[in-house]
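Notes for the structure review
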Amino acid sequence: GEAMTKTEAVKLVALEKKAQELVNQYSEASTDPTAKTLEADEKWIDENFKQHVLQDLFLEQLCAAYANKKRLQDQRRLLRRRCDFHKVAYPGLSGAHAWSLEALGDCNRNMKGTKANLEAAKECYTEALAILRLMFGEDHEYVTDVAEKEALVEIDVGRA
């Protein structure tokens, strides 16, 4: 790999500080950014980080903000990105990957309306369960909670 210069390190520290401030700001219950602010902050994080834990934490907060504004397509897009991030950043068994898949499944299920959304939710739950069962065993609440969601969405798929 390449060594980082002192100037690059100072710049990265400043960017990380700003990213942490954004995470903290969005974590506060009183924060209600405008759609324009959400988009600008997402653009900033994407321009400055490609694969970083603070980027992931920020995207988690953005997902919640988009959900609060009923922008479910944006929420789902970011949840997919988080799933992709966790799959690459934490290869093998990863609770973070499983829980991001569960969140994406929840989003797909909440979008309702189409059989495709329900089937996408089921796929997410199935993949999350494959990870969680190996990590925690069949009877753990992390597993049983997602298994229940998977069973319910399977019923919904049959009705759609």
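Residues numbered from 1 in each chain as written. Predicted model: local features only at pLDDT ≥ 70, side-chain atom pairs only at ≥ 80, totals over all residues. Heavy atoms only, no water.

Concerning the overall build of the chain
Check the secondary structure of the chain and you find seven helices and zero strands. Of the regular secondary structure in the chain, the N- to C-terminal order runs α-α-α-α-α-α-α. The dimensions of the chain, computed from C-alpha atoms along their principal axes, are 55 × 35 × 25 Å. Out of the 160 residues in the chain, the part that is buried amounts to 36%. For the chain, contacts bridging at least 24 residues in sequence account for 60% of all contacts bridging at least 6. Carbon and sulfur atoms form 52% of the exposed surface of the chain, whose accessible area is close to 9500 Å². When the 23 positive and 28 negative side-chain charges of the chain are each reduced to one mean point, those points stand 6 Å apart. (Helix = DSSP H or I, 4+ residues; strand = E, 2+ residues; numbered from the N terminus. Buried < 20%, exposed > 50% of the residue type's maximum accessible area, 1.4 Å probe, protein only. Contact = heavy atoms within 4.5 Å. Areas by Shrake-Rupley, 256 points an atom, 1.4 Å probe, with all protein chains shown as cover. Lys, Arg positive; Asp, Glu negative; His and termini not counted. Charge placed at Lys NZ, Arg CZ, Asp CG, Glu CD.)

A few points about the packing of aromatic side chains
For any pair of aromatic rings, geometry is given as the distance between the ring centres together with the angle between the planes. Taken as a whole, this structure holds six aromatic pairs when the rule is applied. Ring centres of Trp-99 and Phe-136 lie 6.3 Å apart, and the angle between their planes is 35°; on these two criteria the pair is classed as tilted. Placement of Trp-99 in helix 5 (residues 95–111) and of Phe-136 in helix 6 (residues 115–136) is noted, with a sequence separation of 37 residues between them. Look at Trp-99 and you get partly exposed, because its relative accessible area is 35%. Under the relative-accessibility criterion, Phe-136 is labelled partly exposed at 30%. Geometrically, the ring pair formed by Trp-99 and Tyr-142 is edge-to-face, given 5.2 Å between the ring centres and 80° between the ring planes. Of the two residues, Trp-99 sits in helix 5 while Tyr-142 sits in helix 7 (residues 141–159), which places them 43 residues apart along the sequence. One aromatic cluster is present, formed by Trp-99, Phe-136 and Tyr-142 through successive ring pairs. (Phe/Tyr/Trp six-rings, centres within 6.5 Å; stacked < 30°, edge-to-face > 60°.)

Comments concerning the pattern of salt bridges
Within this structure, the stated rule accounts for 15 salt bridges. Between Arg-77 and Asp-74 there is a salt bridge, and its shortest N-O distance comes to 3.1 Å. Taken together, the residues span about one helical turn, with Arg-77 and Asp-74 both in helix 4 (residues 72–89) at a distance of three residues. With a relative accessible area of 16%, Asp-74 lands in the buried category. (Salt bridge = Lys/Arg side-chain N within 4 Å of Asp/Glu carboxyl O.)

Quick look at helix 2 (residues 35–48)
Taking 1.5 Å as the rise per residue, helix 2 with 14 residues should run 20 Å; its terminal C-alpha atoms sit 20 Å apart, in good agreement. Regarding helix 2, the residues found buried are Leu-38, Asp-41, Glu-42, Trp-44 and Ile-45. Around the axis of helix 2, the buried residues are gathered within 160° of arc, so they sit on the same side. Set apart from the buried face of helix 2 by more than 90 degrees, the exposed residues are Lys-36, Lys-43 and Glu-47. Residues of helix 2 that are buried make contact with helix 1 (6–27), helix 3 (53–68) and helix 4. (Expected span 1.5 Å × (residues − 1). Arc of directions from axis to C-beta.)

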